[in-house]
Amino acid sequence: FQQESQNVHTKNQCRNTQDCPQCVRYNNKKQCDEHNGNWVTIASHNVPAPQCIQAPWSRVNHLGNGRNGQANSYNWTLPFVPKKGANLDIALANLEGMPSRCVMRLRYNISTDDYDAWRVNATFNQNNGQGIQSPVQQNPNVDLGAENQALRLAINTAQFGRTFQDRSHAFRIVPRKLPERSGNREGSSSLLAQESTDFFAKRTLYNINVRGKRGNI
């Protein structure tokens with residue numbers, strides 16, 4: 001997936017189909033051609049390939065806290081999107097950026113050993129019509145062998161292995177601008193780029209977040 005990522009690899013899109021000229025539809029050339037669309041090539045993002053790393057350990061039911069007692073995290077460097085038509089052979093500090101709309105998807109998976117997770121799949125879902133009983137039951141009653149006596153187990157299936165949360169966030173990445181100043185700001189692009197580099201080199205943006213009373217909820 002790293003070699004095929006649009007970070008480093010060109011991709012294709014189907015544009016201007018007869019049914020919907022403004023839509024981007026059909027993820028293959030055959031269907032695109034059948035609907036009179038244009039199968040166009042989209043350049044790569046020209047950024048490093050995405051990482052694939054093992055998630056840090058987290059204690060069960062502690063909402064993402066790691067070994068040090070703090071929330072597990074990932075140090076993500078926001079991508080820089082150069083302005084269209086920019087010369088990508090020059091230094092990054094001298095490139096002019098452009099606002100970009102980004103989508104980030106986060107999935108919080110729970111892994112447990114309450115059932116055979118490597119064998120159980122969607123075919124085990126509860127289906128009374130076909131006589132299928134799910135191996136995962138909410139607060140099940142267990143027969144102890146005593147007459148008219150059962151033991152009810154406190155089992156919350158919401159805490160079994162599954163995708164616990166699936167969140168998508170849309171946001172914009174906007175280039176930092178130099179502060180307004182009096183006088184004529186016109187000058188060569190290299191001079192303005194150097195001025196921008198000098199101004200931001202000594203400044204850091206801090207993303208400050210808080211956690212709720214119940215961990216990260």
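Residues numbered from 1 in each chain as written. Predicted model: local features only at pLDDT ≥ 70, side-chain atom pairs only at ≥ 80, totals over all residues. Heavy atoms only, no water.

**Regarding the overall build of the chain**
Phase 1: Helix and strand counts for the chain come out as two helices and six strands.
Phase 2: Reading the chain from its N terminus to its C terminus gives the helix and strand order β-α-β-β-β-β-β-α.
Phase 3: Within the chain, contacts between residues separated by at least 24 positions form 50% of all contacts whose residues are at least 6 apart in sequence. (Helix = DSSP H or I, 4+ residues; strand = E, 2+ residues; numbered from the N terminus. Contact = heavy atoms within 4.5 Å.)

**Brief notes about unusual backbone geometry**
Phase 1: One non-glycine residue, Asn36, lies in the positive phi region at around 55°.
Phase 2: The topology assignment puts Asn36 in the loop between α1 (29-34) and β2 (38-42).
Phase 3: Judged by its relative accessible area of 49%, Asn36 falls in the partly exposed class.
Phase 4: For Asn139, which is not glycine, the phi torsion reads 45° and is therefore positive. (Buried < 20%, exposed > 50% of the residue type's maximum accessible area, 1.4 Å probe, protein only.)

**Considerations on the packing of aromatic side chains**
Phase 1: Under the definition given, this model contains one aromatic pair.
Phase 2: The interplanar angle of 85° and the centroid separation of 6.3 Å between the aromatic rings of Trp76 and Phe171 together place this pair among those described as edge-to-face. Taken together, the residues Trp76 in the loop between β2 and β3 (100-110) and Phe171 in strand β6 (residues 162-173) connect sequence positions 95 residues apart.
Phase 3: Over the aromatic face of Trp57 sits the side chain of Arg67, whose NZ or CZ is 4.5 Å from the ring centroid. (Phe/Tyr/Trp six-rings, centres within 6.5 Å; stacked < 30°, edge-to-face > 60°. Lys NZ or Arg CZ within 6 Å of the ring centre and 35° of its normal.)

**What about the confidence of the model for the chain?**
Phase 1: Across the chain, pLDDT averages 76, with 72% of residues at or above 70.
Phase 2: Mean pLDDT values over the elements of the chain span from 60, in helix α2 (residues 189-200), up to 90, in α1. (pLDDT = per-residue confidence, 0-100.)

**Section: the state of the cysteines**
As used here, a disulfide is simply a covalent bond connecting the sulfur atoms of two cysteines.
Phase 1: Counted under the stated rule, the structure contains one disulfide.
Phase 2: The disulfide partner of Cys14 is Cys32, and the S-S distance across this bridge is 2.2 Å. With the S-S bond torsion at 85°, the cross-link from Cys14 to Cys32 turns out right-handed. Residue Cys14 is found in strand β1 (residues 11-15), and its partner Cys32 is found in helix α1; the two are separated by 18 residues along the sequence. Each member of the pair Cys14 and Cys32 is classed as buried. (Disulfide = S-S within 2.5 Å.)

**Notes on the pattern of salt bridges**
Phase 1: Summed over the entire model, instances satisfying the criterion amount to four salt bridges.
Phase 2: In this structure, Glu4 and Lys11 form a salt bridge, with 4.0 Å as the shortest nitrogen-oxygen distance.
Phase 3: Between Asp116 and Arg119 there is a salt bridge, with its nearest N and O atoms 3.5 Å apart.
Phase 4: Judged by relative accessible area, Asp116 falls into the partly exposed class, the value being 38%. (Salt bridge = Lys/Arg side-chain N within 4 Å of Asp/Glu carboxyl O.)

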